[in-house]
Amino acid sequence: CTVIFTRLATRDLHKPISILFCNLAVSDLFTSFSGFWISMLFITNPDITIFGSQDMLAPYALYTTSILSTIYNLVSIGIERYLAVAESMRARFRVARNHSIAVVFVSWVLAFFLGCLPLMGWNCLHAQRNISVLYSPFCVNYLVLITMPNVVVAFLVPLFTYLRIILILRKRKLRMQACGQATGTYKSAETQVARTSISIWLLALVSYAPFLAGVIFDATNQRCHTDLYPGVYIFRNCTAMLITITCLGNPLLYTLR
């Protein structure tokens, strides 16, 4: 909320990238609300969070939607920063506010569509054969569909864009050195961008890799809920904690830095 209010109230921050930052904060806000909703259901009736229930479809759908929106925002920010730094790209294409608004709209439409598929009927409330053990009543094939490609995108696209940004800054620094010009500003920018980029990528890796591992385990596991209790569900709760920590880390990395 602080990120949203600060960027809306500060006129100097009304830039295309600020729209993406605010949207990322909104996604984190939705993740926090949905996580709190799931936590309250766990406190009041723990069994439905383990064995699944109709009551879990809506909070899980909102949780999935917010996570997908966060991933799409992280990818969009990385691409926008790359376009802003790459001089050859900037000569052909410049990111405007309309482009950022369009990206926000498309990312939310895609996130809502994929996240709400269980509410539209793709769930395993009445089909026990393909039911998820960790996230009942979701189906395993649905979790694999939304997790595998999106997590891979969340890892690879930011890694590529931020590495390209660092390489572009280094080339410019070497070019200025060859011309005998001072390179202190570029050296400082290169160091800051490298540190921030590595922090962003590591945060995404630490946050989503355990969740991906849980889905892979879910897809390959054939045992029932009671055989896995409580160890696997403790691991599931830890993955949720890591995703929540991401909601705290994103404002620090993307706004304060």
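Residues numbered from 1 in each chain as written. Predicted model: local features only at pLDDT ≥ 70, side-chain atom pairs only at ≥ 80, totals over all residues. Heavy atoms only, no water.

- Looking at an unreviewed UniProt entry, one finds the protein named LPAR1 protein and attributed to Thryothorus ludovicianus.
- A UniProt comment under Subcellular location (unreviewed entry) is attached to the protein, and it reads "Cell membrane".
- Taken from UniProt, the Sequence similarities (unreviewed entry) comment for the protein reads in full: "Belongs to the G-protein coupled receptor 1 family." (UniProt positions renumbered as here; feature names shortened; annotations may be inferred.)

## Considering the environment of Trp122
- Looking at the secondary structure, you find Trp122 in the loop between α6 (97-115) and α7 (140-178).
- Judged by relative accessible area, which is 30%, Trp122 ranks as partly exposed.
- The spatial distance from the C-alpha of Trp122 to the C-alpha of Tyr142 is 7.5 Å, given a sequence separation of 20 residues.
- The contact partners of Trp122, leaving out residues within four places of it in the chain, are Leu117, Cys139, Asn141, Tyr142 and Leu145.
- Here the side chain of Trp122 touches Asn141 through a polar contact of 3.3 Å, side chain to side chain. (Helix = DSSP H or I, 4+ residues; strand = E, 2+ residues; numbered from the N terminus. Buried < 20%, exposed > 50% of the residue type's maximum accessible area, 1.4 Å probe, protein only. Contact = heavy atoms within 4.5 Å. Polar contact = N/O pair within 3.5 Å; in protein donor to acceptor, adjacent residues only side chain to side chain.)

## Here's the deal with the UniProt feature "transmembrane region" (unreviewed entry) in the protein
- The positions that UniProt labels "transmembrane region" (unreviewed entry) are, in the present scheme, residues 17-40, 60-79, 100-122, 142-167, 198-217 and 233-256.
- Note that residues 60-79 is 100% helix and 0% strand, and that its end C-alpha atoms are spaced 29 Å apart.
- Across residues 198-217 one finds 100% helix and 0% strand; the C-alpha atoms that close the span lie 28 Å apart.

## Looking at the packing of helix α4 (residues 57-85) against α6
- Running from N to C, α4 and α6 cross one another at 145 degrees; their axes reach a closest spacing of 8 Å. α4 and α6 meet at a crossing whose hand is right-handed. Within the contact between the two elements, α4 uses Ala61, Thr64, Thr65, Leu68, Ser69, Tyr72 and Ser76 and α6 uses Val103, Ser107, Trp108, Leu110, Ala111, Phe112, Leu114 and Gly115. (Axes fitted to C-alpha atoms, helices over the stretch in contact; angles between N-to-C directions. Left-handed = near helix turned anticlockwise from the far one by under 90°.)

## Re the state of the cysteines
- Scanning the model with the defined rule gives 1 disulfide in all.
- Residue pairing for Cys124: its cysteine sulfur links by disulfide to Cys139, the two sulfurs lying 2.1 Å apart. Residues Cys124 and Cys139 share a disulfide whose torsion about the S-S bond is about 120 degrees; that sign makes it right-handed. Placement of Cys124 in the loop between α6 and α7 and of Cys139 in the loop between α6 and α7 is noted, with a sequence separation of 15 residues between them. As far as the burial class goes, Cys124 and Cys139 line up, both buried. (Disulfide = S-S within 2.5 Å.)

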